[in-house]
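Observations on chain architecture
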2 protein chains.
Amino acid sequence: MTEPTFEGVLAAARRIEAHAHRTPVMSSRTLDAELGATVHLKCENLQRMGAFKFRGAFNALASLDPSRRKAGVVAFSSGNHAQAIALSASLLDMPATILMPHDAPAAKVAATRGYGGKVVVYDRYREDREQIGRALAERDGLTLIPPYDHPDVICGQGTAARELFEQAGELDALFVPLGGGGLLSGSALVRAALAPDCQLYGVEPEAGDDGQRSLRSGSIVHIDTPRTIADGAQTQHLGTLTFPIIRREVTDILTASDAELVDTMRFLAERMKLVVEPTGCLGLAAARRMGAQLRGKRVGVLLSGGNVDMARFAELLAAS
Amino acid sequence: MTEPTFEGVLAAARRIEAHAHRTPVMSSRTLDAELGATVHLKCENLQRMGAFKFRGAFNALASLDPSRRKAGVVAFSSGNHAQAIALSASLLDMPATILMPHDAPAAKVAATRGYGGKVVVYDRYREDREQIGRALAERDGLTLIPPYDHPDVICGQGTAARELFEQAGELDALFVPLGGGGLLSGSALVRAALAPDCQLYGVEPEAGDDGQRSLRSGSIVHIDTPRTIADGAQTQHLGTLTFPIIRREVTDILTASDAELVDTMRFLAERMKLVVEPTGCLGLAAARRMGAQLRGKRVGVLLSGGNVDMARFAELLAAS
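We now turn to the structure provided with this report. (Residues numbered from 1 in each chain as written. Chains lettered and ligands numbered in written order. Predicted model: local features only at pLDDT ≥ 70, side-chain atom pairs only at ≥ 80, totals over all residues. Heavy atoms only, no water.)

A word on unusual backbone geometry
One non-glycine residue, Asp 93 of chain A, adopts positive backbone phi at about 60°. The topology assignment puts Asp 93 of chain A in the loop between helix H5 (80-91) and strand S4 (96-101). For Met 49 of chain B, which is not glycine, the phi torsion reads 55° and is therefore positive. Considering the arrangement of structural elements, one finds Met 49 of chain B in the loop between strand S2 (38-43) and helix H3 (53-62). (Helix = DSSP H or I, 4+ residues; strand = E, 2+ residues; numbered from the N terminus.)

The structure is reproduced here in structure tokens:
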């Protein structure tokens with residue numbers, strides 16, 4: 001394992017090129033008028049399996065040596081990382097074991113199985129998934145790929161921001177959703193190398209502001225699982241790899257409320273015809289809250305994913 | 001007024017080039033696997049004002065001479081044509097009056113006003129919009145731009161299929177939503193010139209199968225306003241300009257039920273992260289119903305628009 005670097009991002013870009021989508025960058029005259037800015041939305045909701053997570057997962061698995069590939073991979077996650085690992089493993093012809101809680105939604109279990117993953121169920125109230133994961137890894141020689149605190153995962157996630165700079169040209173500010181910090185630290189490596197003058201904002205749910213508090217205090221703050229509709233950013237703490245990069249490179253960490261996320265989700269569906277999951281709306285919600293400060297600026301936003309249950313999506317759209 | 005021709009489509013393409021989006025063509029591995037085909041979706045839901053109608057409206061208004069432009073334009077429409085005329089008129093600095101049914105989706109009425117159009121409301125089931133429109137045109141010297149039966153409108157709509165053939169390459173079959181036949185006859189002119197071997201299917205709502213019956217009987221069949229969720233295809237008859245082209249060029253006219261439209265709408269939102277209005281799902285719904293016949297084929301589908309009221313969209317997604 002090596003330190004995540006911009007060179008690592010470039011290597012990841014080459015590794016994933018034939019498999020990941022180069023997602024489109026979209027804009028909206030209505031949005032530009034609202035902010036008085038030029039806003040470029042990087043549509044990772046249109047990425048394979050519906051989220052940027054595919055980039056990091058594929059990069060991590062494609063970087064393994066043949067013997068480790070053959071033994072297989074294990075991951076624990078109830079969301080996009082699990083599907084990203086299952087799909088990547090299937091593309092690389094590797095066995096994948098995904099640990100999911102016994103009460104995980106049937107649809108998510110089915111989706112993970114659909115991508116070829118072997119689902120192992122654990123009791124979320126009695127068992128420790130990290131312990132089970134490590135035990136399985138040891139017993140069967142599997143490689144454990146964590147959802148964000150891993151150099152190859154971070155470098156893979158950075159490829160999204162790199163594409164955005166290529167597609168949109170110079171940017172004055174970039175807004176990135178923040179959970180455990182994989183996407184944000186990857187983006188930070190890219191910004192430092194390609195656009196040192198671009199301001200970089202991580203955006204987390206208001207109810208889970210551990211990142212903001214970590215940045216203020218200078219050390220990683222742990223919190224209880226936050227209650228928020230942004231289920232992809234319900235992390236309890238930043239990573240030991242992601243935090244130092246974020247601390248060094250990020251302009252600030254902002255928050256968005258659930259109400260702002262719903263409002264932005266509705267805007268994206270109604271005006272831009274895009275389905276974006278609540279977590280994926282964090283960056284744009286913060287940019288909209290910032291408002292006048294962005295006047296005249298070139299703004300980039302990562303829409304990180306679009307995997308939201310349709311019944312849930314309908315429920316959130318219907319609420320006023 | 002001249003006969004709509006492929007040369008007219010090319011002229012329209014030049015006229016709208018600086019104003020209309022060249023919309024992306026998307027694909028889905030899940031969809032390709034379902035049909036055993038290669039499916040290219042032309043995303044006119046991502047067109048300006050959210051539908052292909054912008055192409056025809058802008059082309060028609062940009063073709064008017066200066067004195068007619070100055071007097072202004074009137075249009076009658078259940079939605080997207082109205083917005084298209086309002087936006088085009090605003091871009092060309094012309095006054096626009098739009099007749100809309102009393103039960104038009106709230107989002108469409110609001111958007112039409114937002115684009116600077118003056119909205120006049122009529123009762124869809126009791127009043128004759130064509131009569132009201134002609135009276136207004138005569139009284140105030142306005143030019144009436146009908147939603148489909150107009151050469152410049154037809155040629156403008158044809159530019160979408162032309163782009164699709166450029167973007168996707170050769171196609172064995174093309175599926176196009178059918179209301180009054182503007183998009184279908186424009187697509188037919190393009191197919192005849194560029195891809196004479198490509199099968200061309202018009203698709204209308206099951207409840208409003210006047211087009212299918214017209215094709216079978218050889219003359220334009222008039223029906224009562226059909227009750228269907230495909231509000232953009234609630235036309236009562238094909239046009240005197242669109243029907244001869246459709247009759248000459250189209251392989252067949254198919255239908256899709258409201259249940260199939262909802263199913264396809266949900267598929268597009270869930271798997272492709274796209275908001276497509278029910279009318280915009282007609283082509284894909286018919287392709288999915290055709291199923292095995294398309295095995296091994298290269299298939300094009302026009303997703304014609306994405307303007308659906310969010311409350312309505314949520315309601316349709318939530319229904320099982």
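Quick notes on the environment of Ser 27 of chain A
Residues and elements named next belong to chain A. In this fold, Ser 27 is placed in the loop between strand S1 (25-26) and helix H2 (29-35). Assessed through its relative accessible area of 48%, Ser 27 is described here as partly exposed. Each C-alpha atom, one on Ser 27 and one on Leu 41, is 6.1 Å from the other, the two residues being 14 residues apart in sequence. Residues within four places of Ser 27 in sequence aside, it is in contact with Val 39 and Met 272. (Buried < 20%, exposed > 50% of the residue type's maximum accessible area, 1.4 Å probe, protein only. Contact = heavy atoms within 4.5 Å.)

Regarding the relation of the copies chain B and chain A
Mapping between the two chain copies consists of a rotation about an axis together with a translation along that axis. Superposition of chain B onto chain A requires a rotation of 180° combined with a translation of 0.2 Å along the rotation axis, giving an RMSD of 1.1 Å. When the rotation and shift are considered jointly, the pair of chain copies conforms to a two-fold rotation axis. Same-surface contact between copies: 96% of interface residues of chain B are shared with the interface of chain A. (Least-squares fit on C-alpha atoms with pLDDT ≥ 70 in both.)

Observations regarding the layout of surface pockets
Each pocket or cavity is described by its volume, and for the second largest pocket that value is around 770 Å³. Arg 271 of chain A together with His 21, Gln 47, Arg 48 and Met 49 of chain B are the residues nearest the centre of the second largest pocket, which is lined by 32 residues in total. Ranked by residues supplied to the lining of the second largest pocket, first place goes to helix H6 (residues 106-114) of chain B with 4 residues. (1 Å grid on protein atoms, 1.4 Å probe; cavity = no way out; pocket = protein on both sides within 12 Å on 5 of 7 lines; lining within 4 Å. Points joined across faces, edges and corners; volume = space filled by probe spheres on them.)

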